[in-house]
Protein chains: 2
Amino acid sequence: MRTLGVMFHEALRDIVESTDGSLAGILMDSQGARIDSYARPGAGFDIDEVGVEYGVLLGSIRKATEQLAAGVTQEVAIGTDKMITLIRTLGESYYLALALRPDGNFGKGRFMMRTAAPKLMAELA
Amino acid sequence: MRTLGVMFHEALRDIVESTDGSLAGILMDSQGARIDSYARPGAGFDIDEVGVEYGVLLGSIRKATEQLAAGVTQEVAIGTDKMITLIRTLGESYYLALALRPDGNFGKGRFMMRTAAPKLMAELA
């Protein structure tokens, strides 16, 4: 039997493995708690630590966008000298995030997350 | 004589006019105060109001990234159902921001801001 957990893990693996330069993907709730994650083998990337950091970051962004009358937030990207973090909201209660190297395929990562979102949301509802 | 103000305005106009679907660009300090801005004619876009909202948003993102040990923030993008906002840091004290329609040319906007940044930073230093 194919469980929900397996479905989430396969979706994350598909996003990570299909995106050049990606390090890891994580599915979280709005409190930053991890539902599932997938790190590219050999990426040397602590996805659990990043998950906690994402939680802090998302909390602040959510507060800010509540004050920003510019529509409902769907995507956030943060680029630093060390990495790019792509975040996509899945309704009001869940987030999907992908970490890439600065030279990673940002556009492909965005595309993979956008196309995976409806499937993930259907299972999370 | 070509003043700094003219140079900033021309740089913002170049970014906005070269990016399909863009609405307006703004150059701000880290307190969200506007140095200069350029709105596409007929965009019907209140860049002053957005400048204030950017200030609120940037304050929260800066606080969050201080807690995120993932490098120095260089770019932030926020996508909603109504618009995309691209923000690029210019050193520690200034920001460049571009507002686009959701179907605007995100990649071109990013490219235009990245290539304009060194020139703007040289004048702001």
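Scoring rules and cut-offs
Residues numbered from 1 in each chain as written. Chains lettered and ligands numbered in written order. Predicted model: local features only at pLDDT ≥ 70, side-chain atom pairs only at ≥ 80, totals over all residues. Heavy atoms only, no water. pLDDT = per-residue confidence, 0-100. Helix = DSSP H or I, 4+ residues; strand = E, 2+ residues; numbered from the N terminus. Pairing = 2+ DSSP bridges. Buried < 20%, exposed > 50% of the residue type's maximum accessible area, 1.4 Å probe, protein only. Axes fitted to C-alpha atoms, helices over the stretch in contact; angles between N-to-C directions. Parallel < 35°, antiparallel > 145°, perpendicular 65-115°, else oblique. Contact = heavy atoms within 4.5 Å. Nonpolar A, V, L, I, M, F, W, Y, C, P; charged D, E, K, R; others polar. Core = buried A, V, L, I, M, F, W, Y, C linked by side-chain atoms within 4.5 Å. Phe/Tyr/Trp six-rings, centres within 6.5 Å; stacked < 30°, edge-to-face > 60°. Lys NZ or Arg CZ within 6 Å of the ring centre and 35° of its normal. Salt bridge = Lys/Arg side-chain N within 4 Å of Asp/Glu carboxyl O.

Draft legend 1. Geometry of the confidence of the model for chain A. Residues and elements named next belong to chain A. Across chain A, the average pLDDT comes to 84, with 80% of residues at 70 or higher. Within chain A, helix α3 (residues 106-124) carries the highest mean pLDDT (93), whereas helix α2 (residues 47-66) carries the lowest (68). On the interface metric, ipTM, the complex scores 0.83, and its pTM is 0.85.

Draft legend 2. Quick look at the pairing of strand β2 (residues 34-39) of chain B. All names here are of chain B. Of the strand pairs in this sheet, strand β1 (residues 22-29) and β2 are connected by 5 bridges, and their pairing is antiparallel. Across the sheet, Gly25 pairs through a bridge with Tyr38, a residue of β2. Between the end of β1 and the start of β2, which pair antiparallel, lie 4 residues, with Gly32 showing a positive phi angle near 85°.

Draft legend 3. The arrangement of the pairing of strand β5 (residues 94-100) of chain B in detail. Residue and element names in this part refer to chain B. Extensive coverage of β5 is indicated by the burial of 6 of its 7 residues. Bridge count for β1 against β5 is 7 bridges, and the pairing is antiparallel. Bridging across to β5, Ser22 finds its partner in Leu100. In the sheet, strand β4 (residues 84-90) pairs with β5 via 7 bridges, with the strands oriented antiparallel. The residue of β5 that forms the bridge with Leu90 is Tyr94. Taking the residues that link successive antiparallel strands as the turn, the β4-β5 hairpin has 3 residues, and the phi of Gly91 there is positive, at about 65°.

Draft legend 4. Structural view of the packing of helix α1 (residues 4-18) of chain A against α3 of chain A. Residue and element names in this part refer to chain A. With their axes 9 Å apart at the nearest point, α1 and α3 run at an angle of 170° to one another. Our classification of the angle between α1 and α3 gives roughly antiparallel. Here Leu4, Met7, Phe8, Ala11, Asp14, Ile15 and Ser18 of α1 come into contact with α3, specifically with Lys108, Met112, Met113, Ala116, Lys119, Leu120, Glu123 and Leu124. Taken together, the residues of the contact of α1 with α3 break down into 10 nonpolar, 1 polar and 4 charged.

Draft legend 5. Local environment of the nonpolar core. Leu96 and Leu120 of chain A together with Leu96 and Leu120 of chain B are the most contacted members of the largest nonpolar core, which totals 44 residues. If you list the elements that add at least two residues to this core, you get α1, β4 (84-90), β5 (94-100) and α3 of chain A together with α1 (4-18), β4, β5 and α3 (106-124) of chain B. Those residues in contact with Leu96 of chain B that sit more than four places away from it in its chain are Leu12, Ile15, Ile26, Leu27, Leu86, Ile87, Arg88, Leu90, Met113 and Leu120 of chain B. By size, the runner-up hydrophobic cluster in this structure holds 22 residues, among which are Met28 and Val76 of chain A together with Ile26 and Ile78 of chain B.

Draft legend 6. Spatial organisation of the packing of aromatic side chains. Inspection of the entire model under this criterion finds 1 aromatic pair over all chains. Just above the ring of Phe106 of chain B sits the side chain of Arg110 of chain A; from NZ or CZ to the centre is 4.4 Å.

Draft legend 7. Focus on the pattern of salt bridges. Tallied over the entire structure, the rule returns 8 salt bridges over all chains. Residues Arg40 of chain B and Glu17 of chain B are paired through a salt bridge, measuring 3.4 Å at the closest nitrogen-oxygen approach. Placement of the pair is Arg40 of chain B in the loop between β2 and α2 (47-66) and Glu17 of chain B in helix α1, with a sequence separation of 23 residues. Residue Glu17 of chain B is classed as partly exposed on the basis of its relative accessible area of 37%. A network of salt bridges, in which partner residues are shared, links Glu75, Arg88 and Arg110 of chain A.

Draft legend 8. Summary view of the sheet that holds strand β3 (residues 73-80) of chain A. Strands sit in the order β2(A)-β1(A)-β5(A)-β4(A)-β3(A)-β3(B)-β4(B)-β5(B)-β1(B)-β2(B) across an open sheet of 10 strands; the sheet is antiparallel. The open sheet has two edge strands, β2 (34-39) of chain A together with β2 of chain B, and neither has a second partner. Adjacent strand axes in the sheet meet at a mean angle of 10°, parallel and antiparallel pairs treated alike. Contacts from α1 of chain A reach β1 (22-29), β2 and β5 of chain A, with the element oriented near 40° to β2 of chain A. Along the sheet, α1 of chain B contacts β1, β2 and β5 of chain B; its crossing angle with β2 of chain B, the most-contacted strand, is approximately 40°.

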